[in-house]
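What follows is each chain in one-letter form.
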Amino acid sequence: MPITRNFSKVEEILKKHAYDKKNLIKILLDVQKEYRHLPKDVINYLGVALDLPPAKIYGVGTFYAQFSLKPKGQYAISICDGTACHMQGSTSLLQAIEKEIGIKPGEVTPDLLFSLDQVGCLGACALAPAMVINEEVYGNLTPEEVTRILKNLKERKEA
Amino acid sequence: MINNPKEALDLIEYEKVRRERKLNQKTVYVCVGTGCTAKGALKVYAEFERIIAEKNLAISLNKENDHEEDQDPVRKTGCCGRCSSGVLVTVLPWNYMYANVTVRDVEEIIDKTLLHGEPIERLMLTDPITGHKVERLEDADFYKHQNLYIMEDIGKCECDSIEDYMGRGGYSSLIKALSEQTAEGIIRTMKEAGLRGRGGGGFPTGVKWEATRKSPGEKKFVVCNGDEGDPGAFMNRTLLERDPHSVLEGMIIAAYAVGAGKGYAYLRAEYPIAVRMFNKAIEDARRLGFLGENILGTDFSFDAEVKEGAGAFVCGEETALLASIEGKRGVPKPKPPFPAQSGLWGFPTLINNVETYANAPKILRDGIESYRSRGVEKTPGTKMFSVTGPLKLNGIIEVAFGTTLRQIIYDICGGLVAGKELKAIQIGGPSGACLSEEFLDLPLDYDTLKSVDAMVGSGGIVAMTTDNCMVEVARYFLDFTKRESCGKCAPCREGTYQAYKILEKFTQGKATYEDLENLEYLARIIKIASLCGLGKTAPNPILSTLKLFREEYVAHIEGICPSGMCTAFKKYRINPELCKGCGLCARSCPQNAISGERGKPFMIDEEKCVKCGLCVEKCKFKAIELVH
């Protein structure tokens, strides 16, 4: 199915950043926030608007961890694997998440509700092991606690 | 908008009086640092507001204060450092500090402490060593053994208020610099104070500023490196969230000293609160006239902007960071030319760490003496560290250079939690080293650490216990650096990958003595041949563990993981004599690897078992054992 997109949102973002290619990363961060990924047609659109080859934009988009070419879930889970978290059992949290929502890091659930990423360090080391779901930090987690949080989010969706 | 220095100084005097009055009245400060927020600080804050409104205390409590907005008895403060005891609440004017505060405690704090000045023993800080309750925050060992310089005013600074920052003397250094000092004079002060870059290398800041000043260029830039990507480090985040104006003031002063007209603060997108706070700080500074055209009526013009990073560790390397600001892939360049000669878009660029900038206005304000009275001869001053691991207290600390690891781990953080034994200290993140216990008395400063092949790095300290496998730690860091390597140079791109593969063999129990030799050889090559700091330091976790914990590598070859952390060496067994056959383990097993008949001993299917250890935690009869 071909996607027909109205680029008014992209235009708004471009305008906010003055159509300046120096602001490419800021523009892409806003695109990522809007669409929860960098859609191919938007990359092409940006290429024309900023007078940059789409390959360059693709290069930047694949370099940084904040961007993804596949859509992120409504609840984007980042499980921290920083030093403090790793040493205090983040692996068992990851297993609990994988079991609960059935996806591995880098993937998204078919209903686009959850996506999962394993990240370097969230800077919440004093609360290790920690995870972030859409900017909210959860700390001092156990596998049971993680399962409970995810179950709650699922229920919220159903309600 | 303030147009002249005199007016600005008058405003500071006014704000100082205003702040003094606020500190002497009845006020609750709720810590809203990242740690406390995750533990519900905003809910605690809202509850304070709710009850205060309900009891109609908002105006009655401090009504003698004629400045209406200062009467509010509940305020937010930046990170207090003692993150593991959150939510932290400070009650003024008594300076009582309460830990682990929940919504349920709020009413009691208002009724007893805020209204009647009565301390609540139950909520006081507990001394981790003696177990005694400590009434005031300045009496707690955690703070007593620190050297609070850029973090002073813990528990009672309002992080998002420029007025409060000015009330603490903020922006007076900038005013003084613009009205009385020359650029050369400021650079001389930085040199005489002996300020060194806090980003990890410890390069003398004054020298860097001078080089940028002397570099010819039609335009110049200043850049703040806030790309704190080290796993296990969060002091830059804390500083940006609790006192963004101190960093901004430092950037403006630096711009004046080097002759720059534009500045960028490069902050991690993973730190949304820091980004928000810094943006607000820039707006407020612009509103009052500390940023913009003809600052304070002088002919110096400067403006600053936040550039968000997008999640790449290599961008902490200065040339990669500059590429990222230009909107490109964050790939480093060979040096020279240094950024001071050719940085952003080819113009001379000064790039310093967040903490370095925060120190500059403080030095100008409090003088060289006060700065040099802390720390050691070659590295005066203080350093923020984030301390984590299974310690009694975790969080952010600020200590003088030359403080030992033993003082940090035992005197400040209270030592390890019960049942854990210290094995190593990881310092400096993926570029740093693992130090064994014999290094506990080593004074922490750039030169001493360098002499033992370690580095201060940005300042992350992680305590590791006898439960942690040092080979696994090395594997973990190489997994990180191989992922974060930008791919430009082969020694780093291929080398870290191959080193990781060898380390993986160790943790899987498949390594040989030849692997050990290859690993050491490879690590040395990566160190010598890589282009930038990431690659040059990536082998440090391998080299330091090989040096200090070689026996663990050998043990892995011989089929034992001494700490029991590497799952490949683990086997779980149910002791049939202790097993009561309750089946709890079978129900909790995520792999359905345990089976049996109720009332009879259960069995673990080794094929299915992923060695998560959940069953051991669940078993009430301690019937499940780990066999190596």
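All values reported here derive from a predicted model rather than from experimental measurement.

A.B. asks: Can you lay out the domain arrangement of chain A for me, pointing to particular residues and giving the numbers?
C.D. replies: Many descriptions give the size of an interface as the accessible area lost when the pieces come together. Looking at the assigned domains, one finds that chain A contains domain 1 (8-63) and domain 2 (75-158). Just the C-alpha atoms count here: the centres of domain 1 of chain A and domain 2 of chain A sit 29 Å apart.

A.B. asks: With reference to specific residues and values, describe the sheet that holds strand β13 (residues 422-427) of chain B.
C.D. replies: Residue and element names in this part refer to chain B. In space, the 5 strands of this open sheet follow the order β12-β11-β15-β13-β14, with mixed pairing throughout. The two strands at the open ends of the sheet, each matched to only one other strand, are β12 (395-400) and β14 (433-436). Neighbour to neighbour, the strand axes of the sheet diverge by 30 degrees on average, direction disregarded. Where β13 and β14 come together, 4 bridges link them in antiparallel fashion. Note that in β14 the partner of isoleucine 425 across the bridge is leucine 435. Here helix α11 (residues 235-242) sits on the sheet and contacts β11 (382-388), β12 and β15 (460-465); the angle it forms with β11, its principal contact strand, is near 115 degrees. Contacts from helix α16 (residues 405-412) reach β11, β12, β13, β14 and β15 within the one sheet, and its direction differs from that of β12 by about 130 degrees.

A.B. asks: Give me the lowdown on the interface of chain A and chain B, citing residues and values where you can.
C.D. replies: Opposite the 36 residues of chain A that make contact, chain B presents 57 residues. Across the interface of chain A and chain B, roughly 3,400 Å² is buried in total on both sides, 59% from carbon and sulfur atoms. Among the residues of chain A in contact with chain B, Phe63, Thr83 and Met87 of chain A are the three that bury the most area, contributing 18% of the side total. For lysine 26 of chain A, the salt bridge is made with glutamate 305 of chain B, and the minimal N-O distance between the two is 3.0 Å.

A.B. asks: Give a detailed account of the environment of glycine 292 of chain B, specifying residues and quantitative values.
C.D. replies: All names here are of chain B. Tracing the backbone shows glycine 292 in the loop between α13 (272-288) and β9 (303-308). Residue glycine 292 is classed as buried on the basis of its relative accessible area of 15%. Placed 30 residues apart in sequence, glycine 292 and lysine 262 show a C-alpha to C-alpha distance of 9.6 Å. Excluding residues that lie within four positions of it along the chain, glycine 292 makes contacts with Phe300, Ser301 and Phe302.

A.B. asks: Before we move on, could you go through the pairing of β14 of chain B and cite the residues and values that matter?
C.D. replies: Of the two faces of β14 of chain B, the one lined by Ala433 and Leu435 of chain B and the one lined by Cys434 and Ser436 of chain B are each fully buried. Two successive antiparallel strands, β13 of chain B and β14 of chain B, enclose a turn made up of 5 residues, where glycine 428 of chain B displays a positive phi of approximately 90 degrees.

A.B. asks: Quick rundown of the state of the cysteines? Include the residues and the values.
C.D. replies: By definition, a disulfide is the covalent link that joins the sulfur atoms of two cysteine residues. Residues and elements named next belong to chain B. Counted under the stated rule, the structure contains 0 disulfides over all chains. Here cysteine 413 is not cross-linked by a disulfide; its sulfur's nearest cysteine counterpart is in cysteine 83, at 10 Å. Its relative accessible area of 0% is what places cysteine 413 among the buried residues. Between cysteine 561, a cysteine without a disulfide, and cysteine 566, which holds the nearest cysteine sulfur, the sulfur-to-sulfur distance is 3.7 Å. With a relative accessible area of 1%, cysteine 561 lands in the buried category.

A.B. asks: So what about the pattern of salt bridges? Which residues, and what values?
C.D. replies: Taken as a whole and judged by the stated rule, the model has 63 salt bridges over all chains. For arginine 148 of chain A, the salt bridge is made with glutamate 145 of chain A, and the minimal N-O distance between the two is 2.8 Å. Linking arginine 148 of chain A with glutamate 145 of chain A, this pair stays in helix α7 (residues 143-158), spanning 3 residues, or about one helical turn. Across the pair aspartate 243 of chain B and arginine 168 of chain B runs a salt bridge, and its minimum N-O distance is 3.1 Å. Of the two residues, aspartate 243 of chain B is situated in the loop between α11 and α12 (244-258) and arginine 168 of chain B in the loop between α7 (162-167) and α8 (172-180); the sequence distance between them amounts to 75 residues. For aspartate 243 of chain B, a relative accessible area of 6% translates into the label buried.

A.B. asks: Tell me about the environment of arginine 148 of chain A, and name the residues and values.
C.D. replies: The exposure class of arginine 148 of chain A is partly exposed, given its relative accessible area of 42%. Considering only alpha carbons, one finds arginine 148 of chain A and glutamate 100 of chain A, 48 residues apart in sequence, at a separation of 9.5 Å.

A.B. asks: Give a description of empty space enclosed by the protein that names residues and reports values.
C.D. replies: Taken as a whole, this structure holds 5 cavities of 30 Å³ or more when the rule is applied. One number sums up the size of the largest cavity: a volume of about 100 Å³. For the lining of the largest cavity, a count of residues per class yields 11 nonpolar, 1 polar and 1 charged.

A.B. asks: Lay out the confidence of the model for chain B with the relevant residues and their values.
C.D. replies: Overall, the predicted model of chain B reaches an average pLDDT of 92, with 100% of residues at or above 70. Here the predicted complex carries an ipTM of 0.86, next to a pTM of 0.91.

A.B. asks: Lay out the packing of aromatic side chains in plain terms, naming residues and giving numbers.
C.D. replies: Note on aromatic pairs: each is described by the distance of the centres and the angle between the planes. Residues and elements named next belong to chain B. Considering all chains together, one arrives at 19 aromatic pairs over all chains under this definition. Members of the aromatic cluster, connected to one another through ring pairs, are Phe221, Tyr264, Trp345 and Phe347. Positioned above the aromatic ring of phenylalanine 385 is the side chain of lysine 383, whose terminal nitrogen or guanidinium carbon lies 5.7 Å from the ring centre. Across from the ring centre of phenylalanine 621, 5.5 Å away, lies the NZ or CZ of lysine 580, which sits over that ring.

A.B. asks: Got a sec to walk through the side chain of lysine 72 of chain A? Specific residues and values, please.
C.D. replies: Residue position: lysine 72 of chain A is located in the loop between α4 (54-63) and β1 (75-80). When neighbours within four sequence positions are excluded, lysine 72 of chain A is seen to be in contact with Gln32, Arg36, His37, Val108, Ser115 and Asp117 of chain A.

Scoring rules and cut-offs
- Residues numbered from 1 in each chain as written.
- Chains lettered and ligands numbered in written order.
- Predicted model: local features only at pLDDT ≥ 70, side-chain atom pairs only at ≥ 80, totals over all residues.
- Heavy atoms only, no water.
- Domains from an automatic or database assignment.
- Pairing = 2+ DSSP bridges.
- Helix = DSSP H or I, 4+ residues; strand = E, 2+ residues; numbered from the N terminus.
- Axes fitted to C-alpha atoms, helices over the stretch in contact; angles between N-to-C directions.
- Contact = heavy atoms within 4.5 Å.
- Buried area = accessible area lost by both parts, 1.4 Å probe.
- Salt bridge = Lys/Arg side-chain N within 4 Å of Asp/Glu carboxyl O.
- Buried < 20%, exposed > 50% of the residue type's maximum accessible area, 1.4 Å probe, protein only.
- Disulfide = S-S within 2.5 Å.
- 1 Å grid on protein atoms, 1.4 Å probe; cavity = no way out; pocket = protein on both sides within 12 Å on 5 of 7 lines; lining within 4 Å.
- Points joined across faces, edges and corners; volume = space filled by probe spheres on them.
- Nonpolar A, V, L, I, M, F, W, Y, C, P; charged D, E, K, R; others polar.
- pLDDT = per-residue confidence, 0-100.
- Phe/Tyr/Trp six-rings, centres within 6.5 Å; stacked < 30°, edge-to-face > 60°.
- Lys NZ or Arg CZ within 6 Å of the ring centre and 35° of its normal.

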